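# Structure at a glance
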Amino acid sequence: MAKTPSSKLFDLVKSLSGSEKRYFKLFISTKESGNNNKYAQLFDAIEGQDEFDDDALKDAVYKNEQIETRKYSELKAYLYDLILKSLQSYDEKSSVDYKLKNMLLGVRTLFKRSRFEDCKGILKKAKKLATEYEDFNALIEILDWEKKVAYTQTDIAFLDKELDRISEEEKDYLLQLKNISEYRSIFFKILVSLRKDVSRNKKQAIELKSYIDHPLFKSAESAKSYKSKILFYRSISLYHFSNSDFKAFHETSEKLVALMESNKKMLSEDVSEYISVLNNHIISCGRLMKIEEVKEVLVKLRNITPITTDDAVKIHRQYYMNKFRLCIASGEFEEGLKELKRHLKEIEKYDEKQFLKDNFYLQYFCIYFGNNDFESALKCLNEWLDISGGVERKDLQSLARILNLIIHYELGNTMLMDSLIRSTYRFLNKESKLSIIEKKIITFIKEASSPQSRKEKKQALEKLKSEFEGLSRQPGYSIFGLFDIESWLDSKIKEVPFAKVVKDKFIQN
């Protein structure tokens, strides 16, 4: 038997939800005793560990017995297979996809035993279920079985009467699959383009427009099924967002939410797409300053019942990212700190690697900064700089370098400034041509590091603020969407708390 890596088994056990663990224990209790006790002991031992420790697992299972490495490896491998089988059994009870697969396996079993009338009964039920959930692959297989059963029974009357109908249905289901596939392909192309390059340059704009100019996007009527309609609106929604047409972005995301909520059956089967759609709708509301609507959708997002562990992670991630964004934008930094503490406690039950992406650390930075906890803000920033990389969100990496200069300025670390400015300049110049915004901040920090009178410091701040006000449409300015640098400059000039300036500005807007 192939050896299963210990970490693989450990990770699988740790990924199980509470109900899946309970189901596994019931599942294993139906097996014969004997070595079964050791499977249960190993499972319990892994469940009790916070970090993987193979020696401790061996001791928990074998205690004072002599341990044979081969048998221990086989025990782990068999436990892994048992968990998979229990998960398959668990999914069969709740997933329509599994129900359909089992029904068609049942047809195959009955067909081999010439129980043709029983086959027809199951096929009729399966067809009804597959139609309700738009499982076009299953519907094609069902039609194939209809022909196969009729042919085996030599039911010429059935074939003569129904063959044209079956052929038409097959063509329709194949067209539906093609329709979904084409929409999905365009949606992924738009998504990849936006994730890889957030600069919104002219070349990208032309590329995105070419996708949305496809004949499939001329009218919603081109989307032939519920699934393809979701992809139709998601693609257009992303396009409007990339084009900064936030009114159209909001209208489209609103339609998407309504469409998904109108189909309770589909939502009961899969909520992962719904989570993403609600997340985008929150963003669209935020862009139009529909704050009450943002709060309403946040509650809706928080109250989704996850179907999978991945759903639970996504709900948590999207809820807190948007909640933090709202607290940061509105200057409610104290509320943001309470939410941050709750978030950090909740993520203990998940794999922390899933929260090392995106802009979580920069949001932590902003919340601590808004609470004047500069040491914690710097710690979060350094942690993020240690893990950031890859093709995603290079703009945030650039922002992090600028914020690094600002936080050291706040802490009064003038001795470090020369080396920090040099390393920041090298990084930004290497990644892309240094923007006007970045140059002006670096120049300001450099000058501020030299001895200045209170009056000179205020004049330098006022000069930088006036320059910023005229640069809001310049390339590179958008990276400051997360951190309100103008409010920070205002707070330094007026000598009032940063949180107060942000809050007053938010209320005024």
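For every chain, the first residue of the written sequence is number 1, and numbering continues from 1 along that sequence. For this predicted model, a pLDDT threshold of at least 70 governs which residues receive local features, and a threshold of 80 or more governs which side-chain atom pairs are given and counted, while totals over whole chains, interfaces and linings are taken from all residues. Note that the side-chain values use all heavy atoms of the structure and ignore hydrogens as well as water.

### Some points on the overall build of the chain
We count a stretch as a helix when DSSP gives it H or I for four or more residues in a row; a strand needs E for two or more, and each element gets its number in order from the N terminus. Looking only at helices and strands, one finds 25 helices and 0 strands in the chain. For the chain, the spread of C-alpha atoms along the three principal axes comes to 100 × 70 × 40 Å. Counting over 509 residues, the chain shows a buried share of 47%. Note on contacts: a residue pair qualifies if any of its non-hydrogen atoms lie within 4.5 Å across the two residues. Long-range pairs, those at least 24 residues apart, make up 64% of the contacts in the chain between residues at least 6 apart in sequence. Approximately 28,000 Å² of the chain is accessible, and the part contributed by carbon and sulfur atoms is 50%. We score Asp and Glu as negative and Lys and Arg as positive, and we do not count His or the chain ends. To locate a charge, take NZ of a lysine, CZ of an arginine, CG of an aspartate or CD of a glutamate. Side-chain charges in the chain split into 88 positive and 80 negative, and the spacing between the mean points of these groups amounts to 2 Å. Under the scheme applied here, a residue whose accessible area is under 20% of the maximum for its type counts as buried, over 50% as exposed, and between as partly exposed, the area being computed with a 1.4 Å probe on protein chains only. Here the accessible surface of atoms and residues is derived via Shrake-Rupley with a 1.4 Å probe, and residues count as covered only by protein chains that are part of the display.

### A word on a positive patch on the surface
Only residues whose relative accessible area exceeds 30% and that form no salt bridge are eligible for patches; like-charged ones are grouped when within 9 Å, while nonpolar side chains (Val, Leu, Ile, Met, Phe, Trp, Tyr) are grouped when within 5 Å. Between Lys or Arg on one side and Asp or Glu on the other, a salt bridge is scored when a side-chain nitrogen of the former is within 4 Å of a carboxyl oxygen of the latter. Positive charge collects at one region of the surface, where Arg108, Lys112, Arg113 and Lys148 lie side by side. For Arg113, the location among the structural elements is in the loop between α6 (96–112) and α7 (116–132).

### A word on the packing of aromatic side chains
Any two rings among Phe, Tyr and Trp, with Trp reduced to its six-membered ring, count as a pair given centres within 6.5 Å; such a pair is stacked if its planes are under 30 degrees apart, edge-to-face if over 60, and tilted if neither. For the structure on display, the rule yields 30 aromatic pairs. Ring centres 5.6 Å apart and planes at 20 degrees place the aromatic pair Phe483 and Phe498 in the stacked group. Within this pair, whereas Phe483 is found in the loop between α23 (454–469) and α24 (485–494), its partner Phe498 is found in helix α25 (residues 498–508), the two being separated by 15 residues in sequence. With a relative accessible area of 1%, Phe483 lands in the buried category. Its relative accessible area of 7% is what places Phe498 among the buried residues. By definition here, charges over rings are those cases where NZ of Lys or CZ of Arg is within 6 Å of the ring centre and within 35 degrees of the ring normal. Stacked on the ring of Tyr319, the Lys or Arg Arg302 has its end atom at 4.7 Å from the ring centre. In this structure, Arg401 packs its charged tip against the face of Phe427, placed 3.7 Å from the ring centre.

### Digging into helix α14 (residues 272–287)
Taking 1.5 Å of rise per residue, the 16 residues of α14 would be expected to cover 22 Å, and the 23 Å separating its terminal C-alpha atoms lies within 8% of that figure. Within α14, 12 of the 16 residues are buried, which leaves it mostly tucked inside the rest of the structure. Every buried residue of α14 is listed here: Ser272, Tyr274, Ile275, Ser276, Val277, Leu278, Asn279, Asn280, His281, Ile282, Ser284 and Cys285. Here, expected helix span is obtained from the residue count minus one, scaled by 1.5 Å.

### Describing unusual backbone geometry
Where the residue is not glycine, phi is negative for most of them; where a peptide bond is considered, it is trans in most cases. Although it is not a glycine, Thr154 sits at a positive phi angle of roughly 55 degrees. Within the secondary structure, Thr154 sits in the loop between α8 (136–152) and α9 (156–196).

### A few points about the pattern of salt bridges
Overall, the coordinates contain 30 salt bridges when judged by the stated rule. Its salt-bridge partner being Glu169, residue Arg165 comes within 3.4 Å of it at the nearest N-O pair. One end of the pair, Arg165, and the other, Glu169, are both in helix α9, 4 residues apart, so they sit about a helical turn from each other. Where salt bridges share partners, they join Lys127, Glu146, Glu162, Arg165 and Glu169 into one cluster.

### Overview of the nonpolar core
Put simply, a nonpolar core is a bunch of buried Ala, Val, Leu, Ile, Met, Phe, Trp, Tyr and Cys residues held in one set by side-chain atoms that sit within 4.5 Å of each other. Among the nonpolar cores identified, the biggest contains 126 residues, and Phe365, Phe369, Phe444, Phe483 and Trp488 are the most heavily contacted of them. Residues contacting Phe483, with those up to four places away along its chain left out, are Phe365, Cys366, Phe369, Leu403, Ile406, Trp488 and Phe498. Counting residues in hydrophobic clusters, the runner-up holds 24 residues, among them Phe10, Leu12, Leu57 and Tyr80.

### Brief notes about the environment of Ser15
With respect to the helices and strands, Ser15 occurs in helix α1 (residues 6–15). Leave out the neighbours within four places in its chain, and Ser15 touches Glu20 and Thr309. Pairing of N or O atoms within 3.5 Å defines a polar contact, subject to two protein rules: one partner must be a possible hydrogen donor and the other a possible acceptor, and residues neighboring in sequence count only if both atoms are side-chain atoms. A distance of 2.7 Å separates a polar side-chain atom of Ser15 from the backbone oxygen of Leu12.

### Concerning the packing of helix α10 (residues 202–212) against helix α11 (residues 226–242)
Two numbers describe a pair of packed helices, the interaxial angle and the distance between the axes. At a closest axis distance of 11 Å, the pairing of α10 and α11 adopts a crossing angle of 155 degrees. In terms of orientation, α10 lies roughly antiparallel with respect to α11. Both α10 and α11 take part in a crossing whose hand is left-handed. Across the interface between the two elements, Leu208, Lys209 and Ile212 from α10 touch Ser235, Ile236, Tyr239 and Ser242 from α11. In this count, Pro and Cys sit with the nonpolar residues alongside Ala, Val, Leu, Ile, Met, Phe, Trp and Tyr, while Asp, Glu, Lys and Arg are called charged and the others, Gly among them, polar. Tallied by class, the residues present in the contact of α10 with α11 amount to 4 nonpolar, 2 polar and 1 charged. Interaxial angles span 0 to 180 degrees and are taken between N-to-C directions of axes, which are lines fitted to C-alpha atoms, for helices over the stretch in contact. Throughout this description, any angle smaller than 35 degrees is read as roughly parallel, any larger than 145 degrees as roughly antiparallel, any in the 65 to 115 degree range as roughly perpendicular, and the remainder as oblique. Crossing handedness: left-handed means the near helix sits turned counterclockwise from the far one by under a right angle, and right-handed means the same turn made clockwise.

### Considering the environment of Tyr233
Residue placement: Tyr233 occurs in helix α11. What makes Tyr233 buried here is its relative accessible area of 17%. Separated by 23 residues in sequence, Tyr233 and Leu256 have C-alpha atoms that sit 6.3 Å apart.

### Observations concerning the packing of α14 against helix α16 (residues 309–330)
Running from N to C, α14 and α16 cross one another at 5 degrees; their axes reach a closest spacing of 10 Å. In terms of axis orientation, α14 runs roughly parallel to α16. Along its contact with α14, which presents Ser272, Ile275, Ser276, Asn279, Ile282 and Ile283, the element α16 presents Asp311, Lys314, Ile315, Gln318, Asn322 and Arg325. Taken together, the residues of the contact of α14 with α16 sort by class into 4 nonpolar, 5 polar and 3 charged.

### Considerations on the state of the cysteines
Disulfide: a covalent bond formed between the sulfur atoms of two cysteine residues. Working definition: a disulfide is two cysteine sulfur atoms within 2.5 Å of each other. Taken as a whole, this structure holds 0 disulfides when the rule is applied. Cysteine Cys327 shares no disulfide, and the gap to the nearest cysteine sulfur, in Cys366, comes to 12 Å.

### Focus: the confidence of the model for the chain
Residue-level confidence of the predictor is summarised by pLDDT, bounded by 0 at the bottom and 100 at the top. A residue-level look at the chain finds 91% of positions with pLDDT of 70 or above and a mean pLDDT of 86. This stretch, residues 475–479, has a pLDDT under 50; its non-local contacts, to residues over four places away or in other chains, come to 12 contacts.

### Digging into helix α12 (residues 246–261)
Between its first and last C-alpha atoms α12 spans 22 Å; for 16 residues at 1.5 Å apiece the expected length is 22 Å, and the two agree. All of the buried residues in α12 are Phe246, Ala248, Phe249, His250, Thr252, Ser253, Leu256, Val257, Leu259 and Met260. Close packing links the buried residues of α12 with α11, α13 (264–269), α14 and α15 (291–302).

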